[in-house]
Amino acid sequence: RPSLSDARRRYLLRQRDLGGPEVYLSRAPGSGPAPAPPAAAAPPVPPAASAPAQPAEALPEPARSGAWREGAPPVPGPGIEIVTPAPGLLDAAPDYASLEAVADAVRGCEQCVLCGHRTHAVPGEGPAGARLMCVGEGPGETEDRTGRPFVGRAGDLLTDILAAIDLPREQVFIANVVKCRPPQNRKPLPDEVAACLGYLRAQIRLVRPTVLLALGATAAEGLLGVRQSLGSLRGRVHRFDGIPLIVTYHPAALLRNPNWKKPTWDDVRIARQLLDA
């Protein structure tokens, strides 16, 4: 298989991580093999490079309360609606009495192989009455070491995003689809997600947030029970047991590609508008 440039390889990996469609790089039929560049040739210049590329738009600084409303997109139409079974039924979340009871169950859980790799389980954190609940994919290295969700670089970015929509992190409940770190931060396997979904559903029932924000394709797939690209799930107001659910990029993806900050900023402002609806 012909080798790809580092830039193209990184692009394909990002597409895969975000659940996008497969992309194939090939030559047009009949074009023949590409001629070898002269030994002293300079690197090719992209076509139409008439002006230097502009830096990706960063998330705005919250200069004043309510500044996020300026230029906010309208709330989109409905998407997928999910109704989960009542507690105690097959495949339903147990009827835990409190968030701490869920956390205790997570810390002692041995339902999948991830328990054998963890330093600490990461149940999640935040107030029981949080109006917004953020759901990510799974713990990373820092989270596994500390037992807290979103405390690395991606966590710092999430904190900044929340502050930009006038929501201190301390007022938000933050959790993940899986509660233990997958080896080498790989994507959780379907059986690992299934083993943890009961805990997440129980947390949602106990917090009963006004809005859910799914961060990344794995979180969206776990909550909505579908396997679709992130792009096809964004831009709609889904519902999970009647709770509006917005899908956006994971903060770790924004660290890899700042161009996704602008669409993420639009998504979180839609979620913020739903909080006030």
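In what follows, the structure referred to is the one given above.
About the thresholds
Residues numbered from 1 in each chain as written. Predicted model: local features only at pLDDT ≥ 70, side-chain atom pairs only at ≥ 80, totals over all residues. Heavy atoms only, no water. Axes fitted to C-alpha atoms, helices over the stretch in contact; angles between N-to-C directions. Helix = DSSP H or I, 4+ residues; strand = E, 2+ residues; numbered from the N terminus. Parallel < 35°, antiparallel > 145°, perpendicular 65-115°, else oblique. Contact = heavy atoms within 4.5 Å. Nonpolar A, V, L, I, M, F, W, Y, C, P; charged D, E, K, R; others polar. Pairing = 2+ DSSP bridges.

(A) How the structure looks around the packing of helix H2 (residues 99-107) against helix H5 (residues 190-207). For the pair H2 and H5, interaxial distance at closest approach is 9 Å and the crossing angle is 170°. On the basis of the axis angle, H2 is roughly antiparallel to H5. For the pair H2 and H5, contact is made by Leu 99, Val 102, Ala 105 and Val 106 and by Tyr 199, Ala 202, Gln 203, Leu 206 and Val 207, respectively. Its residues placed into classes, the contact of H2 with H5 shows eight nonpolar, one polar and no charged.

(B) Focus on the side chain of Glu 192. The residue Glu 192 is located in helix H5 in this model. Look past the residues within four positions of Glu 192 in its chain and what remains in contact with it is Cys 112, Val 113, Leu 114, Val 178 and Arg 186.

(C) A look at the sheet that holds strand S4 (residues 211-215). One open sheet holds the six strands; their spatial order is S1-S5-S6-S4-S2-S3, and the pairing between them is mixed. The open sheet has two edge strands with one neighbour each: strand S1 (78-82) and strand S3 (173-176). Neighbour to neighbour, the strand axes of the sheet diverge by 25° on average, direction disregarded. Direction of pairing for strand S5 (residues 237-240) relative to strand S6 (residues 243-248): antiparallel, over a ladder of three bridges. When the sheet's bridge partners are listed, His 238 is paired in S6 with Leu 245. Set on the sheet, helix H9 (residues 261-276) makes contact with strand S2 (132-136), S4, S5 and S6; between it and S6 the angle comes to about 170°.

Coordinates in, geometry out; function isn't part of it.
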